[in-house]
Amino acid sequence: MTKRLDLFPLSTKIQNDRLFVANCDLTQLAERFGTPLYLYDRLTLDSAAKEYRSALDKFYPAASSVTYAGKAFLCKAIVRWALTHDFALDCTGAGEIAIAAVAGAKKENILVHGVNKSDEDLQSAFQFASVVVVDNLDELRRIRELIAENIPDLWLRFLPGVSVSTHHAYTQTGHHESKFGMTDDEILAAATFCRENNLPLKGIHFHQGSNFRDAKPLLPAIDSALDLAQKINFREEWHFCPGGGWGAAYHEDEAPHPRIEDYVRGIAAAVVAGCARRNLPLPRLRLEPGRSLVARSGVALYRVGAVKRRGEKVWALIDGGMADNPRFALYGAKYSCLTVSSPNQERDERVSFAGPYCESGDILIEDLPMPNIQRGDLIAVPVSGAYQLSMASNYNGARRPAAIWLDDGNAVEILRRESASDLLDRD
Ligand code: LLP
């Protein structure tokens, strides 16, 4: 349904029969920085950021802003990039807060999530963040006990009990049995607790899941959240956040990358109509995207070390896999790829790409139509910008790959490759 090349970053081109991103030759980048290697295309990042901003300006009549969900991919460079777009940073716990703060995010730019925040997470949130999204009543009681001064704004995380259709059950968070957030009754109890204890309750939040293309299930969730907002009786400036979750296309069998504008338009219309019906003042609308901002900008480069033929099965063994991208192993996620040289060759064979780790599930791609693959070939995997490096591990002593920022002919290393001494540093 989609052309394979169209999954790649916006600046991708084929020149002299080779793949280029941001006017950088991927063959040369692999030689210069080694593989596996993660590339981030600035143009694609900026374009997604502008799409969010302009859609909010177009469809939402009151104040609005974007919070980048750092769990998709976080390092100092991406924090600085988010700040250039006036985005806030959603940080899960003290580790992500530290990255954001060191990179220059101010208190007003940091919002803290987490389903079971430790005391350290909360203390660091009090020091560095302006918003804490409270997941449960126990956490709220702990906040009251721990906090002395500098109380951040509190938003309550609501569990709407409505699921969205995502690529896997593990990426759904809004259904009844989910471990995330609070039920209607718990939200109302939390609001009473805030009032009685003079805690600054300023908003309501929910997040139904990640990588959906159909935003319709958001509508009943928005309605239920607005019902609660009415009962809580938000009057002055208040914040409403329907989370993130907008998807990306990973494979040519899927429809093209879904449009950010369609997502924002639906949410904005539902919030405006829902508030009018309830006579609620329009909230500051906060969106919290991760994947739809960064996934498409990322490309992962791997080198083929060996090819094995087992009857119909062709295994191309590459130098990365589940340690830098566990998404196939976790969710059976479907990826595609192109050879970096001669990307347009006839694809007359089905090839599976597996990594070097000691697990049969260490697969990146299964049975993808490809040209004849040889040892030494480089492959480029598109849509690698989200939830890959951020979920990477040191399994089998893997050293996590470098990440390179590509900006119109310039390639800058933003994360260096780990070495064995990094592994030993904490041992
Ligand atoms: N807000 C909250 C509270 C979240 O938990 C998440 C993602 C987001 C926003 C951003 O969602 P996004 O726009 O990126 O879909 N590891 C999985 C995805 C897990 C998502 C976790 N929460 C994957 O690789 O598909």
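For clarity, every value in this text was computed on a predicted model and none was experimentally measured. The residue numbering used here restarts from 1 in each chain and proceeds along that chain's sequence as written. The predicted nature of this model means local features are confined to residues of pLDDT at least 70 and side-chain atom pairs, given and counted, to a pLDDT of 80 or more, with totals for whole chains, interfaces and linings taken over all residues. Excluded from the side-chain calculations are hydrogens and water; all other atoms, namely the structure's heavy atoms, are used.

(A) Structural detail: the sheet that holds strand E2 (residues 18–21). Should DSSP find at least two bridges between two strands, the strands are taken to pair. Secondary structure elements follow DSSP: runs of H or I of four or more residues count as helices, runs of E of two or more count as strands, with numbering from the N terminus. Strand order in this open sheet of three strands is E1-E2-E3, and the pairing throughout is antiparallel. Pairing within the sheet leaves two strands with one partner each, and these edge strands are strand E1 (13–15) and strand E3 (24–25). Where E2 meets E3, two bridges bridge the pair, whose relative direction is antiparallel. Bridging from a neighbouring strand, Val-21 pairs with Cys-24 of E3.

(B) A look at helix H4 (residues 93–102). Along H4, the residues classified as buried are Gly-93, Ala-94, Glu-96, Ile-97 and Ala-100. For H4, the angular spread of buried residues about the axis comes to 165 degrees, placing them on one side. Residue contacts are counted whenever heavy atoms from the two residues lie within 4.5 Å of one another. In this structure, the buried side of H4 is in contact with helix H3 (76–84), strand E6 (88–92), strand E7 (110–113) and helix H5 (119–128). A positive phi of about 115 degrees marks Gly-104, the residue just after H4. Burial classes: relative accessible area under 20% of the type maximum marks a residue as buried, over 50% as exposed, and values in between as partly exposed (1.4 Å probe, protein chains only). In this context, the arc is that of the directions from the helix axis out to the C-beta atoms.

(C) Representation of the side chain of His-207 within the structure. Relative to the assigned elements, His-207 resides in the loop between strand E10 (201–205) and helix H8 (218–232). A relative accessible area of 18% places His-207 in the buried class. Polar contacts, as counted here, are pairs of nitrogen or oxygen atoms within 3.5 Å of one another; within protein the pair requires one atom able to donate a hydrogen and one able to accept it, and residues that are adjacent in sequence qualify only if both atoms are side-chain atoms. Engagement of the side chain of His-207 in a polar contact is seen with the backbone nitrogen of Gly-244, the distance being 3.1 Å. Excluding its chain neighbours within four sequence positions, the residues that come into contact with His-207 are Arg-157, Thr-173, Gly-174, Gly-243, Gly-244 and Gly-245.

(D) Quick peek at the site of the ligand. Only a single heavy atom is needed: when it lies within 4 Å of a molecule or strand, its residue is near that molecule or strand. Neighbouring the ligand are 21 residues, the closest being Ser-210, Glu-288, Arg-291, Arg-327 and Tyr-387. Within the side chain of Ser-210, a nitrogen or oxygen atom sits 2.4 Å from an oxygen atom of the ligand. Burial of the ligand by the protein chains amounts to 91% of its free accessible area of 590 Å². In a pocket analysis with a 2 Å cut-off to the grid points, the ligand is assigned to the largest pocket. All accessible areas in this document rest on Shrake-Rupley with a 1.4 Å probe, and a residue is counted as covered only by the protein chains that are shown. Points on a 1 Å grid, built from protein atoms alone, make a cavity when a 1.4 Å probe fits but cannot get out and make a pocket when they are open with protein on both sides within 12 Å along at least 5 of 7 lines; residues with an atom within 4 Å of a point are the lining residues. More than half of a molecule's atoms within 2 Å of the grid points is what it takes for that molecule to sit in a cavity or pocket.

(E) Local environment of the domain arrangement of the chain. Segmentation into domains, and thus their bounds, comes from an automatic or database assignment. Under the domain assignment used here, the chain contains domain 1 (2–42 + 296–425) and domain 2 (43–292). Put simply, the middle of domain 1 and the middle of domain 2, counted by C-alpha atoms, are 31 Å apart. Across the boundary between the two partners, domain 1 contributes 29 residues, which contact 29 residues of domain 2. Two parts placed together each lose some accessible area under a 1.4 Å probe, and the buried area is that loss summed for both. In this assembly, domain 1 packs against domain 2 so that about 2700 Å² is buried in total across both faces, 61% of it on carbon and sulfur atoms. For the domain 1 face of the interface with domain 2, the top three residues by lost area are Thr-2, Arg-42 and Tyr-387, together amounting to 25%. Whenever Lys or Arg places a side-chain nitrogen within 4 Å of a carboxyl oxygen from Asp or Glu, that contact is recorded as a salt bridge. The tally of links between domain 1 and domain 2 comes to three salt bridges.

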